[in-house]
Amino acid sequence: MKKILERKDLKKIVLRLRAEGRKTVFTNGCFDILHAGHVRYLQQARKLGDVLVVGLNSDRSVSAIKPGRPINSEKDRAAVLAALSSVDYVVVFREKTPYNLIKTLRPDILVKGGDWKKEDIVGSDIAKETRILPFLRGVSTTRIIEKVLRTSG
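Residues numbered from 1 in each chain as written. Predicted model: local features only at pLDDT ≥ 70, side-chain atom pairs only at ≥ 80, totals over all residues. Heavy atoms only, no water.

**A closer look at the overall build of the protein chain**
The condition that has to hold: In this text, helices come from DSSP runs of H or I with a minimum length of four residues, and strands from runs of E with a minimum of two, each type numbered from the N-terminal end. What the globule rule says is 2.2 Å times the number of residues to the power 0.38, and the radius of gyration is computed from C-alpha atoms. Note on exposure labels: buried denotes an accessible area under 20% of the residue type's maximum, exposed denotes more than 50%, and partly exposed covers the range between, all computed with a 1.4 Å probe on protein chains only. Every residue pair with non-hydrogen atoms within 4.5 Å of one another is taken to be in contact.
Within the protein chain, the secondary structure is distributed over six helices and five strands. Each helix and strand of the protein chain, placed in order from N terminus to C terminus, yields the pattern α-β-α-β-α-α-β-α-β-β-α. Rg of the C-alpha trace for the protein chain: 15 Å, near the compact-globule value of 15 Å for 153 residues, within the 12% margin. Over its C-alpha atoms, taken along the principal directions, the protein chain stretches across nearly 55 × 25 × 25 Å. Residues classed as buried in the protein chain amount to 43% of the 153 residues present. Sequence-distant contacts, at least 24 apart, represent 68% of the contacts inside the protein chain between residues at least 6 apart.

**Topic: helix α1 (residues 7–19)**
So the rule is basically this: Expected span of a helix, by definition, is 1.5 Å for each gap between consecutive residues, and there is one gap fewer than residues. In this context, the arc is that of the directions from the helix axis out to the C-beta atoms.
With 13 residues, α1 should reach 18 Å at 1.5 Å per residue; the first-to-last C-alpha distance of 18 Å fits that figure. Buried residues of α1: Leu10, Ile13, Val14 and Leu17, and no others. All buried residues of α1 fall inside an arc of 100 degrees around its axis, so they share one side. Every exposed residue of α1 that faces more than 90 degrees away from the buried side is listed here: Lys8, Lys12 and Ala19. Structurally, α1 contributes buried residues whose contacts are with β1 (24–29), β2 (51–57), β3 (89–93) and α5 (99–105). Just past α1, the residue Gly21 takes up positive phi, approximately 80 degrees.

**Topic: the layout of surface pockets**
For clarity, the cut-off: In this analysis, the protein atoms alone were mapped onto a 1 Å grid. Cavities are point sets where a 1.4 Å probe fits without being able to get out; pockets are open sets with protein on both sides within 12 Å along at least five of seven lines; lining residues have an atom within 4 Å of a point. Grid points are joined across faces, edges and corners, and a volume is the space filled by probe spheres set on the points.
Of the volumes computed, that of the second largest pocket is approximately 250 Å³. Forming the boundary of the second largest pocket are 13 residues, of which Ile4, Leu5, Glu6, Val92 and Arg94 lie nearest the centre.

**Points about the sheet that holds β3**
To be explicit about the condition: Should DSSP find at least two bridges between two strands, the strands are regarded as paired. Helix axes are fitted to C-alpha atoms over the stretch in contact, other axes to C-alpha atoms as well, and angles between N-to-C directions run from 0 to 180 degrees.
Taken in spatial order, the five strands line up as β3-β2-β1-β4-β5 in an open sheet, and their pairing is parallel. Only two strands of the sheet have a single partner each, and these edge strands are β3 and β5 (129–133). The mean inter-strand angle of the sheet, taken between neighbouring strand axes irrespective of direction, is 25 degrees. Both β2 and β3 contribute to a ladder of five bridges, which runs parallel. Among the inter-strand pairings, Val53 is bridged to a residue of β3, identified as Tyr89. Docked against the sheet, α1 engages β1, β2 and β3, running at close to 140 degrees with respect to β3. Strand contacts of helix α4 (residues 74–82): β2 and β3, with the helix running at about 165 degrees to β2, the strand carrying the most contacts.

**Things to note about the pattern of salt bridges**
For the record, the criterion: The term salt bridge refers to a side-chain nitrogen of Lys or Arg lying within 4 Å of a carboxyl oxygen of Asp or Glu.
With the rule as written, the count across this model stands at ten salt bridges. Residues Glu95 and Arg7 are paired through a salt bridge, measuring 3.2 Å at the closest nitrogen-oxygen approach. Of this pair, Glu95 sits in the loop between β3 and α5 while Arg7 sits in helix α1, placing them 88 residues apart in sequence. A residue is classified by how much of its surface remains accessible, and Arg7, at 22% relative accessible area, is partly exposed.

**Let's talk about the side chain of His35**
Mapped onto the secondary structure, His35 falls in the loop between β1 and α2 (36–46). Residue classification places His35 among the buried positions, given a relative accessible area of 11%.

In short, geometric facts, not functional conclusions.
If you want it as C-alpha cells, here you go:
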C-alpha cells in the first residue's frame, strides 16, 4: 500500500473510508527529527480512530515558521513517517497552515499536541472533534538540535 499520497488521491480514499463507516484521524506537523515523543503521540492519535492521516509541512512551510529548519527534507521526513505502523497516510502541504487540507479531507477527529489550546488549533472548526494529546516531557526536536550543537563544538 502506498502511504505517501497527493491531496486529491487521499481525498478519494478518505471519502471511501467514510462511506465504509471508518473514522479518520488527522494530525499535522513538521516532524523534522523524529523522536520518542513523536512516536508516542502518533500511536496515541492512531488509537482514536480507524485511519491516521499525517499532514506534513513542506520544506518551505517549515522554514516560514521555524527559521533555519528543516534539518531533514520533506521527502525524507515523509518516508520516515510512512515507515511507522501507526501512520496510514502522509500528505505534504505547502501552505503555512493545513487549513485547506483539513477542509478538503474533513477528518472525524483532529489531533494536536499538548502545547496547543483547542481554540487555537487550525481546522478545529471543520473536524467533528478536536483532541489534544499530552507530550512526552523533556523531548523535543529543538532540544535535540541544541544538544547536538553543544556537544559538537
